[in-house]
Amino acid sequence: MAVFCTKCGAQNEDYLQNCAQCQAPLPQTGGYQPIQPPTPMYGSGPIQDWQARGANKKIAAGICGILVGTFGVHKFILGYQTEGIIMLLVSLLSCGMLAIVMQIIGIVEGIMYLTKSDEDFVRTYVEGRKGWF
Ligand SMILES: [Zn+2]
């Protein structure tokens with residue numbers, strides 16, 4: 001491979017950046033391709049605003065489930081009044097004996113909320129009204 005100087009016409013090896021004869025910059029031939037950033041995907045479908053549809057409760061419900069799931073707080077956050085009251089009553093009426101069970105349920109559910117994507121969370125718990133797990 002050889003490149004010809006655009007200024008003096010001398011033949012140069014293509015790894016040279018400047019002409020060996022006149023020091024003029026040589027045209028770059030092959031081998032050098034500027035890396036193009038990936039083209040953003042425009043118009044790839046309507047963007048769903050999962051936050052506005054209930055995913056904004058995901059973090060709060062998940063954390064409350066893990067920390068105070070015993071009292072069904074995360075159920076109330078999600079609007080599951082019945083399930084929340086069940087957890088609260090079971091914990092209180094058993095004088096705390098079953099509170100540990102409710103706490104475990106709360107932790108498991110809290111982790112499930114937090115590990116779901118916003119879309120999954122909305123579909124399962126906000127629109128699907130899945131009361132347990
Ligand atoms: Zn030259």
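Everything numeric here is computed off the predicted structure, so don't read it as measured data.

Student: How would you summarise helix α1 (residues 58–68) if you had to cite specific residues and measurements?
Tutor: Each full turn of the α-helix corresponds to 3.6 residues, which orients residues three or four apart in the same direction. Looking at α1, one finds that the buried residues are K58, A61, G62 and G65. Projected onto a plane normal to the axis of α1, the buried residues spread over an arc of 100° and lie on a single side. Structurally, α1 contributes buried residues whose contacts are with α2 (73–77), α4 (99–115) and α5 (118–127).

Student: Before we move on, could you go through the packing of aromatic side chains and cite the residues and values that matter?
Tutor: For the structure shown, the criterion picks out three aromatic pairs. Where Y113 meets F121, the ring centres are 5.8 Å apart and the plane angle is 85°; that geometry is what we call edge-to-face. This pair shows no difference in class: Y113 is buried, exactly as F121 is. On the numbers, 4.8 Å between centres and 75° between planes, the contact of Y113 with Y125 is edge-to-face. Residue Y113 is found in helix α4, and its partner Y125 is found in helix α5; the two are separated by twelve residues along the sequence.

Student: Which residues make up the environment of V68, and what values do they have?
Tutor: Relative to the helices and strands, V68 resides in helix α1. Remark: the alpha-carbon pair of V68 and G106, spanning 38 residues in sequence, is separated by 7.4 Å. Setting aside residues no more than four positions away along its own chain, V68 makes contact with V73 and Q103.

Student: Requested: an account of the coordination of the zinc ion, with residues and values cited.
Tutor: Distances from the zinc ion to its protein donors, C5 (SG), C8 (SG), C19 (SG) and C22 (SG), fall at 2.2 to 2.4 Å. Around the zinc ion, the four donor atoms sit at angles spanning 102 to 117°, and that spread fits a shape best called tetrahedral. Counting the intervening residues between successive donors of the zinc ion yields the motif C-x2-C-x10-C-x2-C.

Student: How would you explain the pattern of salt bridges if you had to name every residue and give the values?
Tutor: One pass over the structure, following the stated rule, counts four salt bridges. Taking the shortest distance from any N to any O, the salt bridge between E127 and R53 comes out at 2.4 Å. With E127 in helix α5 and R53 in the loop between β2 (11–13) and α1, this residue pair connects regions lying 74 residues apart in the sequence. In this structure, R123 engages E119 in a salt bridge whose closest nitrogen and oxygen atoms are separated by 3.2 Å. Taken together, the residues span about one helical turn, with R123 and E119 both in helix α5 at a distance of four residues. You can call R123 partly exposed: its relative accessible area is 44%. E119 sits in the partly exposed class, given a relative accessible area of 35%.

Student: So what's going on with unusual backbone geometry? Which residues, and what values?
Tutor: At Q23, a position not held by glycine, the phi torsion is positive, near 65°. As for its position among the elements, Q23 is in the loop between β2 and α1. For Q23, a relative accessible area of 52% translates into the label exposed. Located in the positive-phi region is R129, a residue other than glycine, with phi close to 50°. Take R129: it is sitting in the segment after α5.

Reading guide: rules and limits
- Counting of residues starts from 1 at the beginning of each chain's written sequence and follows it residue by residue.
- Only residues with pLDDT of at least 70 get local features here, since the model is predicted, and only at 80 or more are side-chain atom pairs given and counted; chain-wide, interface and lining totals rely on the full set of residues.
- Excluded from the side-chain calculations are hydrogens and water; all other atoms, namely the structure's heavy atoms, are used.
- Exposed residues in this analysis have more than 50% of their type's maximum accessible area, buried residues have under 20%, and partly exposed residues fall in between, with area computed by a 1.4 Å probe over protein chains only.
- Strands are runs of DSSP state E lasting at least two residues, helices are runs of H or I lasting at least four, and both sets are numbered from the N terminus onward.
- Note: the arc covers the axis-to-C-beta directions of the helix.
- Residues count as neighbours in contact if any of their non-hydrogen atoms are within 4.5 Å of one another.
- Note on ring pairs: Phe, Tyr and Trp rings are taken, using the six-membered ring of Trp, and paired if centres are within 6.5 Å. Classes follow the plane angle, with under 30 degrees stacked, over 60 edge-to-face and the rest tilted.
- Here a donor is any nitrogen, oxygen or sulfur atom (N, O, S) within 2.8 Å of the metal, with 3.2 Å used for Na, K and Ca; water is not among the atoms considered, so some sites may look incomplete.
- All geometry calls rest on donor angles, where a four-donor set with angles between 85 and 135 degrees is tetrahedral, four- and six-donor sets with opposite donors more than 155 degrees apart and all others between 65 and 115 are square planar and octahedral, and all else is irregular.
- What counts as a salt bridge is simple: a side-chain nitrogen of Lys or Arg found within 4 Å of a carboxyl oxygen of Asp or Glu.

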